[in-house]
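# Descriptive analysis of the structure
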Amino acid sequence: MRQKLAAGNWKMNGTGAALAELEALIQTQSAAKSEILICPPATLLSRAADIASESNLSLGGQDCHAASSGAHTGDLSAQMLKEAGATSVILGHSERRADHNETSETVAAKAAAAWGAGLTAIVCLGETLAEREAGDTLQIIGAQFATSLPDGATAKNTVIAYEPVWAIGTGKVPSLAQIAEVHDFLRAELSTRFGAEMAATTRLLYGGSVKPGNASDIFTTSNVDGALVGGASLKAEDFSPIIAALDAS
Ligand code: PGA
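Conventions adopted
Residues numbered from 1 in each chain as written. Predicted model: local features only at pLDDT ≥ 70, side-chain atom pairs only at ≥ 80, totals over all residues. Heavy atoms only, no water. Helix = DSSP H or I, 4+ residues; strand = E, 2+ residues; numbered from the N terminus. Rg over C-alpha atoms; globule rule 2.2 N^0.38 Å. Contact = heavy atoms within 4.5 Å. Areas by Shrake-Rupley, 256 points an atom, 1.4 Å probe, with all protein chains shown as cover. Lys, Arg positive; Asp, Glu negative; His and termini not counted. Charge placed at Lys NZ, Arg CZ, Asp CG, Glu CD. Salt bridge = Lys/Arg side-chain N within 4 Å of Asp/Glu carboxyl O. Axes fitted to C-alpha atoms, helices over the stretch in contact; angles between N-to-C directions. Left-handed = near helix turned anticlockwise from the far one by under 90°. Pairing = 2+ DSSP bridges. Near = heavy atom within 4 Å. Polar contact = N/O pair within 3.5 Å; in protein donor to acceptor, adjacent residues only side chain to side chain. Nonpolar A, V, L, I, M, F, W, Y, C, P; charged D, E, K, R; others polar. Core = buried A, V, L, I, M, F, W, Y, C linked by side-chain atoms within 4.5 Å. Buried < 20%, exposed > 50% of the residue type's maximum accessible area, 1.4 Å probe, protein only.

## Description of the overall build of the chain
Secondary structure summary: the chain contains 11 helices and eight strands in total. Relative to the compact-globule value of 18 Å for 249 residues, the chain shows a C-alpha radius of gyration of 17 Å, a close match. Judged by the C-alpha coordinates and their principal axes, the chain covers about 45 × 45 × 35 Å. Within the chain, contacts between residues separated by at least 24 positions form 72% of all contacts whose residues are at least 6 apart in sequence. Put simply, the chain shows about 10500 Å² of open surface, and 53% of that area lies on carbon and sulfur atoms. A distance of 2 Å separates the average location of the 17 positive side-chain charges in the chain from that of its 27 negative side-chain charges.

## Remarks on the pattern of salt bridges
Here the structure, examined in full by the defined rule, presents 11 salt bridges. Ionic pairing is found between Asp63 and Arg96, a salt bridge with its closest N-O pair at 3.2 Å. Of this pair, Asp63 sits in the loop between strand S3 (57-61) and helix H3 (78-84) while Arg96 is found in helix H4 (residues 94-99), placing the two residues 33 residues apart along the sequence. Of the charged contacts, one joins Asp225 and Arg187 as a salt bridge, the two residues approaching to 2.8 Å between their closest N and O atoms. Pair noted here: Asp225 is in the loop between helix H10 (215-219) and strand S8 (226-229) and Arg187 is in helix H8 (residues 176-194), with a separation of 38 residues, a long-range link. A single network of salt bridges, built from pairs that share partners, joins Asp63, Arg96, Glu102 and Lys110.

## What to know about the packing of helix H7 (residues 137-148) against H8
Between H7 and H8, whose axes approach to 11 Å, the crossing angle comes to 40°. Relative to H8, the crossing made by H7 is right-handed. Facing H7, whose interface residues are Thr137, Leu138, Ile141, Gly142, Phe145 and Ala146, H8 presents Glu181, Val182, Phe185, Leu186, Glu189, Leu190, Arg193 and Phe194.

## Let's talk about the sheet that holds strand S5 (residues 120-125)
Pairing is parallel around the closed barrel formed by eight strands, whose spatial order is S1-S2-S3-S4-S5-S6-S7-S8. Mean inter-strand twist for the sheet, computed between neighbouring axes without regard to direction, equals 25°. Bridge count between S3 and strand S4 (residues 86-91): three bridges; the pairing is parallel. Looking at the pairing, Gly61 lines up with Val89 of S4.

## Things to note about the site of the ligand
As a matter of local geometry, the ligand sits amid 13 residues, with Lys11, His93, Glu163, Gly169 and Ser209 nearest to it. Between an oxygen atom of the ligand and a main-chain N or O atom of Ser209, the distance comes to 2.8 Å. Summarising the interface, the protein chains cover 96% of the accessible area of the ligand, which totals 290 Å² for the free molecule. When grouped by side-chain class, the residues that make up the shell around the ligand number four nonpolar, seven polar and two charged.

## A short note on the nonpolar core
Leu57, Leu186, Phe219 and Phe239 are the most contacted members of the largest nonpolar core, which has 64 residues in total. Residues within four places of Phe219 in sequence aside, it is in contact with Val224, Gly226, Ala227, Ile242, Ala245, Leu246 and Ser249. The next biggest cluster of nonpolar side chains, apart from the first, holds 11 residues, and it includes Ile122, Val159, Leu205 and Leu228.

Listed below in structure tokens is the structure:
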């Protein structure tokens, strides 16, 4: 009912030499059952799209502007990403929220722009360690969910990624019970707001220090439909076993 999704976020890593990793991934994963998505730096999208054109690998951006064009030095529109070969775009990553002061309202405007260009919005939500330790996790996730997603979200145009801020790039991972609690909560929130069918068909990814060694356990957790992977998506030899674990789950 929900196709599993292994999404890689290269962040600000990779020049042309990194395209060899895409070629290796395509070679080893041509029979994968899961959907495979790589979000490289935007400078690599066009060349990556040429490499991936006959393959089961799709490509995404890491951010877009809410406007379709204009005087926004350094920014990229959703249409530009689409034309360069993206089918999706990551929005509201905690590094964007922290480094660029993005609010959930900004993220919602960007999601609407992504949909307008025909891109799937991968909307990231997550609590800080202080918020978790204060017992506020579900309240924070609920507020981010309510504001970051515009009306009109569907299973096709939206993927949600739960990424605890304290687990990103740290090697720390929540317990499986903690992951399940948030994913079950998000499935219920989707149902309340968008209806049972949308909730049953929308993919929920976990992200934050997913590695070959912990992927199988994470993928057997309730309501986890895949992963958004940072560091371990940079090398095909690390990402491939994660995809294999997802296929097997
Ligand atoms: P990480 O990053 O896998 O390196 O922790 C995940 C992310 O930021 O999406």
